There are 2 protein chains.
Amino acid sequence: MSVSLLDMTKVYIGQEKILVAVDCIVFGFDSKEIKLLLFKRKREPHTGEWSLIGSFIKSDKSLEESAEEVLHESTGLKDVFFEELKTFSAVDRDSGGRVISVAYFSLIRLDELNLDSVENYNARWFSLDEIPDLILDHDQMVQCAIEKLKIKIRRKPVGFNLLPEKFTLPQIQILYESIYQREIDSRNFRKKLLSFDILTRTEEKDKSTSKKGAYLYKFNKDKFDEFVAKGYNFEL
Amino acid sequence: MSVSLLDMTKVYIGQEKILVAVDCIVFGFDSKEIKLLLFKRKREPHTGEWSLIGSFIKSDKSLEESAEEVLHESTGLKDVFFEELKTFSAVDRDSGGRVISVAYFSLIRLDELNLDSVENYNARWFSLDEIPDLILDHDQMVQCAIEKLKIKIRRKPVGFNLLPEKFTLPQIQILYESIYQREIDSRNFRKKLLSFDILTRTEEKDKSTSKKGAYLYKFNKDKFDEFVAKGYNFEL
DNA sequence: GCAAAAGTGTTTTCACTACACCCATGA
DNA sequence: TCATGGGTGTAGTGAAAACACTTTTGC
């Protein structure tokens, strides 16, 4: 350890150091449509304008750790789904100085959200067609994330991170419809999803949207791993 | 401009700056198999060991510009295909100090390669099953890039960046076979590829691998754009 | 008993797979 | 003339798309 501290000051001396930040694009689903979580910026420049949540990274944290921390502080949630989206490094992207930002893309369960944390941060959920102007290049980050969401949810089971632990088939169909922005035939959708055999049906029904009630299902990670091990492809 | 210089020193003061680098994973295709370009490292630590080519980024260049520069210097090529792969930011990933690296993934035409540049850099092409131990986390970067190449070449027409401007159908089939590591039925492969109608057949034949000779084709960008505009999906 | 959402099957269509022979040419 | 790689067509199979009615139950 002391060797690496020594090297640090010797080996790469003379190279320029740069500010590095993470910014998080956070999506949620309110059982009707997909939404984006935005924050009123607290620091200069652009204080009070809408922006993504982010933070500078410190030299003792990896980018992933920093993103995790940002997500935890702003939503109160731990173990949320997130992954790297893209770096944004145009020299003049931030009027406050030269900052390279790594954008992270995150999917959270709205029902688990800690409302206190969110309010602390002056946050609000926006429909994708009502997103306000954002600071710096955050609009680009958001567009990029929306693209990625559409592609990713088709081939990876990431959508379950947007649903409550127990969800109904109509609910997941609405999620996909809201992301793809088109209607889906429910017979074909259910048939395909159930054919994967990666869900467990519970005995409970959700009667909040119909008199008949819809069965609640859980995503079954073990079955999904088996599904993958057999060489099958998830695609919805 | 002077405002931003002023802000730079004021607004984000007190935040830690970090060394940022780019590293490039460069693939080529020698008409037989896909290969990886590696370099003998010139600087401490790990001088003389095999590594990816990279460089620290300066505060007046974006990451993309830096990657482009690195690729130009090491191969002599301009306008090569490259895109961001992933950031690598573990705190102790570099024994020479805290460095965040952004890995770029690049595909080049071996026939256009400037051999002087390559020799200057002590470079060598390696088959994917003969890759030597690499410094730091460069092995991880390479594994990640190989994964990405397999996925990407299936659904995007990036493979043409690995072929000469004019190529034969047997050639492109071998390219795909070498990446997928399995044989492909040539009747089905050709049928599908030609059905996209994104290639232009020239009148020339390549007789270097057979007496009959194989027609040379060119990738037709305009036709490809049309293909995409019609909503069709490239998948090989 | 009726409105409203949940749940279910069949037919058609199309894309992928498997598979075998002829062609052109240089040596 | 023959060895070598280039080039082509067809039948069978399976997944996706299109499509309409029955079930449940709170009001």
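The rules behind the values
- Residues numbered from 1 in each chain as written.
- Chains lettered and ligands numbered in written order.
- Predicted model: local features only at pLDDT ≥ 70, side-chain atom pairs only at ≥ 80, totals over all residues.
- Heavy atoms only, no water.
- Helix = DSSP H or I, 4+ residues; strand = E, 2+ residues; numbered from the N terminus.
- Buried < 20%, exposed > 50% of the residue type's maximum accessible area, 1.4 Å probe, protein only.
- Contact = heavy atoms within 4.5 Å.
- Core = buried A, V, L, I, M, F, W, Y, C linked by side-chain atoms within 4.5 Å.
- Least-squares fit on C-alpha atoms with pLDDT ≥ 70 in both.
- Patch = residues over 30% accessible without salt bridge, like charges linked within 9 Å, V, L, I, M, F, W, Y side chains within 5 Å.
- Areas by Shrake-Rupley, 256 points an atom, 1.4 Å probe, with all protein chains shown as cover.
- Salt bridge = Lys/Arg side-chain N within 4 Å of Asp/Glu carboxyl O.
- Lys, Arg positive; Asp, Glu negative; His and termini not counted.
- Charge placed at Lys NZ, Arg CZ, Asp CG, Glu CD.
- 1 Å grid on protein atoms, 1.4 Å probe; cavity = no way out; pocket = protein on both sides within 12 Å on 5 of 7 lines; lining within 4 Å.
- Points joined across faces, edges and corners; volume = space filled by probe spheres on them.
- Nonpolar A, V, L, I, M, F, W, Y, C, P; charged D, E, K, R; others polar.
- Domains from an automatic or database assignment.
- Buried area = accessible area lost by both parts, 1.4 Å probe.
- Polar contact = N/O pair within 3.5 Å; in protein donor to acceptor, adjacent residues only side chain to side chain.
- Near = heavy atom within 4 Å.
- pLDDT = per-residue confidence, 0-100.

1. Quick word on the environment of Ile198(A)
Residues and elements named next belong to chain A.
Right, so step 1: With respect to the helices, strands and loops of the structure, Ile 198 is situated in the loop between α6 (186-195) and β9 (199-206).
Right, so step 2: Given the relative accessible area of 0%, Ile 198 is considered buried.
Right, so step 3: Remark: the alpha-carbon pair of Ile 198 and Asp 30, spanning 168 residues in sequence, is separated by 23 Å.
Right, so step 4: If we ignore the near neighbours within four places in the chain, the residues touching Ile 198 are Lys 218, Phe 219, Asn 220, Lys 223, Phe 224, Phe 227 and Phe 234.

2. A short note on the nonpolar core
Right, so step 1: In terms of nonpolar packing, the biggest core is built from 47 residues, with Cys24(A), Leu63(A), Tyr104(A), Cys24(B) and Leu63(B) touching the most fellow members.
Right, so step 2: Those residues within four positions of Tyr104(A) in sequence are excluded, and the remaining contacts are Val22(A), Asp23(A), Cys24(A), Ile25(A), Leu63(A), Glu64(A), Ala67(A), Phe82(A), Glu83(A), Glu84(A), Leu85(A) and Thr87(B).

3. Concerning the relation of the copies chain A and chain B
Right, so step 1: Each copy of the sequence occupies a distinct position, and chain A is placed on chain B by a rotation of 179° and an axial shift of 0.0 Å, giving an RMSD of 0.1 Å. Those values place the two copies in the arrangement expected of a two-fold rotation axis.
Right, so step 2: When the interface residues of chain A are mapped onto chain B, 100% of them again lie at the interface, so the same face is used by both copies.

4. What about a positive patch on the surface?
Residues and elements named next belong to chain A.
Right, so step 1: A cluster of basic residues, Arg 190, Arg 201, Lys 205, Lys 207 and Lys 212, forms a positive patch on the protein surface.
Right, so step 2: Take Lys 205: it is sitting in strand β9.
Right, so step 3: Using a relative accessible area of 34% as the deciding quantity, one classes Lys 205 as partly exposed.

5. Things to note about the layout of surface pockets
Right, so step 1: In this model, the largest pocket occupies a volume close to 2,400 Å³.
Right, so step 2: Looking at the largest pocket, it is lined by 50 residues, and the ones nearest its centre are Ile151(A), Lys152(A), Arg155(A), Ile151(B) and Arg155(B).
Right, so step 3: For the lining of the largest pocket, the secondary-structure elements that each account for two or more residues are β5 (81-88), α4 (138-155) and α7 (221-229) of chain A together with β5 (81-88), α4 (138-155) and α7 (221-229) of chain B.
Right, so step 4: Split into classes, the residues belonging to the lining of the largest pocket amount to 23 nonpolar, two polar and 25 charged.

6. Brief notes about the domain arrangement of chain A
Residues and elements named next belong to chain A.
Right, so step 1: With domains assigned, chain A is organised as domain 1 (18-154) and domain 2 (156-229).
Right, so step 2: The C-alpha centroid of domain 2 is placed 27 Å from the C-alpha centroid of domain 1.
Right, so step 3: Contact with domain 1, which involves 17 residues of that partner, is made by 17 residues of domain 2.
Right, so step 4: Three residues, Phe 29, Arg 109 and Ile 153, lead the burial of domain 1 against domain 2; their summed loss comes to 39% of the area buried on that side.
Right, so step 5: Scanning the region where domain 1 abuts domain 2 turns up zero salt bridges.
Right, so step 6: Where domain 1 meets domain 2, there are seven residue pairs in polar contact (both at pLDDT 80 or more).
Right, so step 7: Elements with a minimum of two residues in the side of domain 1 that touches domain 2: β1 (17-29) and α4.
Right, so step 8: Top contributing element to the side of domain 1 that touches domain 2 by residue count: α4, with five residues.
Right, so step 9: Considered class by class, the residues forming the side of domain 1 that touches domain 2 number eight nonpolar, two polar and seven charged.

7. Focus on the protein's contact with DNA strand D
Right, so step 1: Contacts to DNA strand D come from 18 residues, most closely from Arg187(A), Asn188(A), Arg187(B), Lys191(B) and Lys212(B).
Right, so step 2: The side chain of Lys207(A) places a nitrogen or oxygen atom 3.1 Å from a phosphate oxygen of DNA strand D.
Right, so step 3: Contact distances for DNA strand D include 3.0 Å between a phosphate oxygen and a backbone N or O atom of Tyr215(B).
Right, so step 4: Those elements giving two or more residues to the surface near DNA strand D turn out to be α6 of chain A together with α6 (186-195) and β10 (214-219) of chain B.
Right, so step 5: Among the elements that line the surface near DNA strand D, the one with the most residues is α6(A), at four residues.
Right, so step 6: In terms of residue class, the surface near DNA strand D is made up of three nonpolar, four polar and 11 charged.

8. A closer look at the confidence of the model for chain A
Right, so step 1: Mean pLDDT over chain A stands at 93; residues scoring 70 or higher make up 96%.
Right, so step 2: Taken as a whole, residues 1-8 of chain A scores under 50 in pLDDT and shows seven contacts with residues more than four places along the chain or in a different chain.

9. What to know about the interface of chain A and chain B
Accessible area lost upon the coming together of the parts serves often as the stated size of an interface.
Right, so step 1: Taken together, the contact pairs 40 residues of chain A with 40 residues of chain B.
Right, so step 2: Taken together, the two surfaces of chain A and chain B that pack against each other cover about 3,500 Å², and 55% of this comes from carbon and sulfur.
Right, so step 3: The largest share of the area that chain A buries against chain B comes from Tyr12(A), Glu16(A) and Ser59(A), three residues that together contribute 19% of it.
Right, so step 4: For the pair chain A and chain B, the interface holds zero salt bridges.

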